[in-house]
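If you want the building blocks of each chain, they are given just below.
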Amino acid sequence: MNTSRRTVLAGAAAAGVAATAGLAGTGTAYAATGKSPSRELFGRLADGTKVYRWTVANGGTRMKVLSYGGIVQSLEIPDRSGRAANVSLGFDNLDDYVAGSPYFGALIGRYGNRIAKGRFTLDGRTYELPVNDGPNSLHGGDKGFDKQVWDVEPFSRGSDRGLVLRRISPDGEMGYPGTLKVKVTYTLTARGDWRIDYEATTDRGTVANLTSHTYFNLAGEGSGSVDGHTLEMAAARYTPVDATLIPTGELARVTGTPFDFRRAKTIGGQARTPHQQVLYGKGLDHNWVLDKGLTTVPGYALTLADPASGRVMKMYTTEPGMQFYSGNFLDGTLAGTSGRLYRQGDGLCLESQHFPDSPNQPSFPSTVLRPGTTYRSTTVHTFSAR
């Protein structure tokens, strides 16, 4: 596996666009296409800041995105009969997102996943981060990118429709060094693919690991457990964790474990296995080492399918890792957009990213970003029905 991010970044964005032209999402189109994205007021924060909801539709896929947290509030795709359903967990109001969302649909940064004990050392200096997940720092701290208001600009480019989200993360925000200028592009293609392109630059050495924290339920949000979904993942290794869910540093083989999805298996059949690693996470909450490694163009990562509705989602990414979280901490205290309570296993996350705790694990692919270089990452979701 190529362990240097720097060797592949220069061409990633342009190559990602070229590569995704051949990734077919074959779901039946149900929504209007060719229209420019539209905007409506979704709510106001306590300080009066307006939060908007943008709607983008193309190729049978319709997505609603909030300027708060870059949150994908709704993602509608058709089933085998052409009936559309929202397959993304979330809330129907801003207050619930602010009060205590478990990162529903959010953009995550500066660092997706966990950093051990909320600290890392770079260039001889140790940086302290907010500890917000037991003894560790999770998803950029207690006020990460998921809790910031982004500048959003719509676009219609050829047959593509989408949104460009921007913000500047100041030096020292959540303890991270350097002023980070971030640009994230959500694109819906004419085929209904959802592509995410991440870019960032810094004026000082820092670490960066951006991802999307969408909770998927291909049967439809609020429909119940995803235990019957099947997952196939092109990953022969994963990163075992300690009791606080920090990687031990080992790249372990999946053979003979609940982490072996090299052939399609049901989520419930694996996530409820009494294996020590599963016990640590109260289900699956681990990083898989993708066979393709770190790449310049999005390579195949996985296929998620719901046999009942026929909906299928494939993911392609430039990233070397995939954090699969089986919704273990949903506990029936949150009511979603459907008005139904979310219980354990009612949604799952598939977060393309670098490995957890990479700043403290020199054997892992590097997440260091330097001035004069650009962080680039691309992930593509294709949708179909069978």
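Residues numbered from 1 in each chain as written. Predicted model: local features only at pLDDT ≥ 70, side-chain atom pairs only at ≥ 80, totals over all residues. Heavy atoms only, no water.

The next thing to look at is the pattern of salt bridges. Counting across every chain of the model gives 14 salt bridges. The structure contains a network of salt bridges with shared partners spanning Arg114, Asp133 and Asp285. (Salt bridge = Lys/Arg side-chain N within 4 Å of Asp/Glu carboxyl O.)

Moving on to the UniProt feature "binding site: beta-D-galactose" (unreviewed entry) in the chain. Summarizing the sequence annotation, UniProt attributes the feature "binding site: beta-D-galactose" (unreviewed entry) to Asn113, Arg114, His213, Thr214, Tyr215 and Asp285 in the numbering used throughout. Relative to the elements of secondary structure, Thr214 occurs in the loop between strand E16 (211-213) and strand E17 (215-216). Ignoring anything within four residues of it in the chain, the contact list for Thr214 reads Val72, Ser88, Gly105, Trp194, Leu348, Cys349 and Leu350. A polar contact is formed between the side chain of Thr214 and the side chain of Ser212, at a distance of 3.2 Å. Here Tyr215 lies in strand E17. Its relative accessible area of 2% is what places Tyr215 among the buried residues. Contact partners of Tyr215, with chain neighbours within four places excluded, come to Val87, Ser88, Leu89, Pro102, Tyr103, Phe104, Gly105, Tyr325, Leu330, Gly347, Leu348 and Cys349. (UniProt positions renumbered as here; feature names shortened; annotations may be inferred. Helix = DSSP H or I, 4+ residues; strand = E, 2+ residues; numbered from the N terminus. Contact = heavy atoms within 4.5 Å. Polar contact = N/O pair within 3.5 Å; in protein donor to acceptor, adjacent residues only side chain to side chain. Buried < 20%, exposed > 50% of the residue type's maximum accessible area, 1.4 Å probe, protein only.)

Next up on the list: the side chain of Glu319. By secondary structure assignment, the location of Glu319 is in the loop between strand E24 (311-317) and strand E25 (321-325). Given a relative accessible area of 1%, Glu319 falls into the buried group. At a separation of 2.9 Å, a polar atom in the side chain of Glu319 contacts the side chain of Ser377.

All right, on to the nonpolar core then. Counting 55 residues, the largest nonpolar core has Tyr186, Trp194, Met233, Trp288, Phe324 and Leu350 as the members making the most contacts within it. With five residues, the top contributor of residues to this core is strand E13 (residues 180-188). Counting 20 residues, the second largest nonpolar core, distinct from the first, contains Val51, Leu66, Ile71 and Tyr325. (Core = buried A, V, L, I, M, F, W, Y, C linked by side-chain atoms within 4.5 Å.)

Centre distance and the angle of the planes are the two values used to describe a pair of aromatic rings. Counting across every chain of the model gives 17 aromatic pairs. Three or more aromatic residues joined by ring pairs make a cluster, and in this case those are Phe91, Tyr97, Phe104, Tyr215, Tyr325, Phe329 and Tyr342. For the cation-ring pair, Arg39 lies above Tyr52, with the distance from its terminal atom to the ring centre recorded as 3.7 Å. Sitting over the ring of Phe155, Arg157 keeps its end group 4.2 Å from the ring centre. (Phe/Tyr/Trp six-rings, centres within 6.5 Å; stacked < 30°, edge-to-face > 60°. Lys NZ or Arg CZ within 6 Å of the ring centre and 35° of its normal.)

The topology assignment puts Asp142 in the loop between strand E10 (137-138) and strand E11 (151-157). Each C-alpha atom, one on Asp142 and one on Asn328, is 20 Å from the other, the two residues being 186 residues apart in sequence. Once you skip the residues sitting within four places of it in the chain, Asp142 turns out to touch Pro130, Asn132, Lys147 and Met174.

As paired strands, E11 and strand E12 (residues 160-169) are joined by seven bridges and run antiparallel to one another. Opposite Val152, over in E12, you have Leu165 as the bridge partner. Remark: two residues form the turn of the hairpin made by E11 and E12, two consecutive strands paired antiparallel; Gly158 in that turn has positive phi of roughly 60°. (Pairing = 2+ DSSP bridges.)

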